[in-house]
Every structure is written in C-alpha cells, then in structure tokens.
Amino acid sequence: MKNNIKYLGIDIGGAHFKIIGLDKKKSVCFSEYRKCYVWKGLKNLKKEIDYINSLNLSKDIYCGITMTAELCDNFKTKKIGAIAISKLCEKLKFNCSFYTKKKKKFSRFIEKDYEDFISMNWHSIGRYFSKNFNNVIIVDFGSTTTDFVCIKNSKIINQGFDDFTRLSKKEIFYSGIIRTPLFGLEHEITLKKKKYQIIPEFFSNTSDIYRIYDFLEKDFDIDDEADNGKKGIVQSMIRISRSFCIEYKKSKRNLILDLSKVLIDKQINNIKLNIYNLLKKNKLDKNTPLIFTGIGKKILEEKIKTKSGVNIGKLIKAQNKKLNNFALNNMPAYCIAQLISDLKK
C-alpha cells in the first residue's frame, strides 16, 4: 500500500508521530501511529524521520506537516523548537512543507512567521471540514488534549490561535484519554455520599480508567504507564488505587470500577457542557452538527447522545476499514494530507 502513496500528512506531537498517506484518488492507503517522546530529545524525532526515509517512498510524494512538539520543555522557546523540528524534517527525501493558518495553507519556510505554523493541527481540521459543512462543531478528543473547532458560515470562528488564548476561550482542554494524570481531572469525587481524595502524585493517568472499561484500542494504547508497568486490567486498577491511597485487593475491584466511572463521567460531562456553551456563545443553533474525532471518539459517541452527531466515517475514502479507523483517530494528519492534495492537483 505504501507504494501507492501520492500525498502524505504528518502530525508531529510531543508524544506521538502520526502519518496518513493518500493515493492518487485521495483514498487512505497508509497509516502509522508511533510513540515519539520529543521531550526526551530530538534523537527520537530523528528516528521517525529515518523510519519514513527507510520506507523508500517515491520522491514525487507531496507531504504536509503540522506540529505541536515545539511545546516540549527541552526547547527554551517555541520558536527554537519549531525551527529545530523543521530543520530535521528537511532530511525527508521528498517534497515537504508546513501547514500555516495563512491563506496559502503551506510553506517550506517557518522561521519568520513561526507563530502562524505552531500548534495549528486543530486549525487544519477546521479548514478541511469547512469545505463540507456550513455550520459544525468538531471535538477532537486526543491522548493529551481535547480540541473544539467551531465553524459558522463555512468559516473557522475560533477566537484563539495559541494555547494560552484557546484555554481562556474554552476552545481547548488539556485533558485527554491517555496521558492526563487522574488528579488533573478532579482532586475530590463523591461516590455513594462518601468523599474520595485523589492525591497529586503521578501514580496513574486516564489511560488506566478507560482501559478497564475497554475504551482504548490497542493500536493507540502505546504510551508508557505511570509506573512503567504493564497495561493489564489488574495493573491499571492497582495504579488507580494508588491515586486514591487505596491498597488494591480483589475485594476492592468494584470500588475502583465505580470510582473510575465517576471520573470518566466527569471528564465527558465537562466536554458536553463546553459544546453547549460554545453553541450559545457563537450563536449556533442547538441542532448544529457535531463531529467527534480522535482516539477518544468512541467514548464521546457512547456517552454524548445527540441527534446532531455526524458519522464522518462515510465521508472518508480508505482502502479498508482499518485505514478508515486510523484516519478517524488521527484527523489532523488526514486533513493535512487532504489539504495538500488540493494544492497539488
């Protein structure tokens, strides 16, 4: 399938390296979701660049790239991070350019106007779907963050274009399905009229509470655990127990399940409430279509019951169901590939 790639979309996050390839008919023919901890050193990103080059893809491929890895704390500034990442990407063996929120969409040179390029993966989703929807809210529930993209009259109407502003405008939550510490969700929860404290120690994260309820797909459950342990159900319950200062025993299993459900419901309800607040703030109809994407798509569809939900799986052309699913779960990479294919007709 990789031999059929004509257009490539790459999303370089601080923790993951995501790739979507399209054939000449713009159908998904290739996908990868790879662990890449950029904060541990650029050598990890270099390995991913070397990996792509090892695939011996055609030099005639057109490749678009978006990034959020410039936020990693091994870079003194975001500008330094963006430039370092772009320099590494120059080692790719084919044509590549970087996504920008500017009208031209892509450019090979980011140093001068770097702020128009960094952390714009959410913007690429909005730009792509604004071609297909007049009004829509897109919720991309990822490993680390939840992005809310608002489109009205076929235009992106988000007010923030950097994370500081987006946080204040409630257009991004630093709350995801994999990497968020449990104390990042709540410090205290109530179950059956009893209060339980969640201590601020990195003993567990959201991957544990979603794993024990079978909401994580193995293809995307690739991150290191808080204790660097295994991903089994019992191991997850032990980690969750530590966050509540509970000594795990089999007799505590139902309690841990119930506490985890409370946390899941609180996280999803916060997303649900924010959707309604954004509809109101932006004067969008309550029946405005909703699109759920990201590796947390499954949980949103199950927990947020709405007649406005759009099944975009039918809109994505792919060579098989697995590739279709990868595109749904890695929407920025898919949208980048589609957007650069529009420019290279």
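The notes below deal with the structure included here. (Residues numbered from 1 in each chain as written. Predicted model: local features only at pLDDT ≥ 70, side-chain atom pairs only at ≥ 80, totals over all residues. Heavy atoms only, no water.)

### Re the overall build of the protein
And step 1. For the protein, the count of helices and strands is 10 helices and 13 strands.
And step 2. A globule of 345 residues ought to have a C-alpha radius of gyration of about 20 Å, and the protein, at 20 Å, matches this closely.
And step 3. Seen through its C-alpha atoms, the protein measures out along the principal axes to roughly 60 × 45 × 40 Å.
And step 4. Going through the 345 residues of the protein one by one, you find that 56% of them count as buried.
And step 5. Taking all contacts inside the protein whose residues are at least 6 apart in sequence as the whole, residues at least 24 apart take part in 64%.
And step 6. For the protein, the exposed surface amounts to about 16,400 Å²; the carbon and sulfur share of it is 49%.
And step 7. Taking the average location of the 66 positive side-chain charges in the protein and that of its 37 negative ones, the two points are 4 Å from each other. (Helix = DSSP H or I, 4+ residues; strand = E, 2+ residues; numbered from the N terminus. Rg over C-alpha atoms; globule rule 2.2 N^0.38 Å. Buried < 20%, exposed > 50% of the residue type's maximum accessible area, 1.4 Å probe, protein only. Contact = heavy atoms within 4.5 Å. Areas by Shrake-Rupley, 256 points an atom, 1.4 Å probe, with all protein chains shown as cover. Lys, Arg positive; Asp, Glu negative; His and termini not counted. Charge placed at Lys NZ, Arg CZ, Asp CG, Glu CD.)

### Some thoughts on a nonpolar patch on the surface
And step 1. Nonpolar side chains collect at one region of the surface, where Leu71, Leu167 and Tyr174 lie side by side and expose about 260 Å² of accessible area between them.
And step 2. Within the secondary structure, tyrosine 174 sits in the loop between strand S10 (172-173) and strand S11 (188-191). (Patch = residues over 30% accessible without salt bridge, like charges linked within 9 Å, V, L, I, M, F, W, Y side chains within 5 Å. Salt bridge = Lys/Arg side-chain N within 4 Å of Asp/Glu carboxyl O.)

### Notes on the packing of helix H6 (residues 233-243) against helix H7 (residues 253-281)
Each pair of packed helices can be described by the angle between their axes along with the distance between the axes.
And step 1. Following both chains from N to C, one finds H6 and H7 inclined at 70°, their axes separated by 10 Å at the closest point. When the axis of H6 is compared with that of H7, the two are roughly perpendicular. On the side of H6, the interface is formed by Ile233, Met237, Ile240 and Ser241, while H7 contributes Arg253, Ile256, Leu257 and Ser260.
And step 2. For the contact of H6 with H7, the residue count by class is 5 nonpolar, 2 polar and 1 charged. (Axes fitted to C-alpha atoms, helices over the stretch in contact; angles between N-to-C directions. Parallel < 35°, antiparallel > 145°, perpendicular 65-115°, else oblique. Nonpolar A, V, L, I, M, F, W, Y, C, P; charged D, E, K, R; others polar.)

### A short note on the side chain of threonine 145
And step 1. The topology assignment puts threonine 145 in the loop between strand S7 (136-141) and strand S8 (146-152).
And step 2. Residue contacts for threonine 145: discarding those within four places in its chain leaves Asp140, Ile172, Phe173, Tyr174, Ser175 and Gly176.

### Details of the nonpolar core
And step 1. Of all hydrophobic cores here, the largest spans 46 residues; its most connected members are Tyr210, Phe244, Leu259, Ile268, Ile271 and Ile275.
And step 2. Of all elements in the fold, only S7, S8, S11, helix H5 (206-211), H6, H7, strand S13 (290-293) and helix H8 (297-303) reach the threshold of two or more residues within this core.
And step 3. If you tally residues by element for this core, the top one is H7, at 12 residues.
And step 4. Not counting the four nearest positions on each side in its chain, leucine 259 is found in contact with Ile189, Leu191, Tyr196, Phe244 and Ile246. (Core = buried A, V, L, I, M, F, W, Y, C linked by side-chain atoms within 4.5 Å.)

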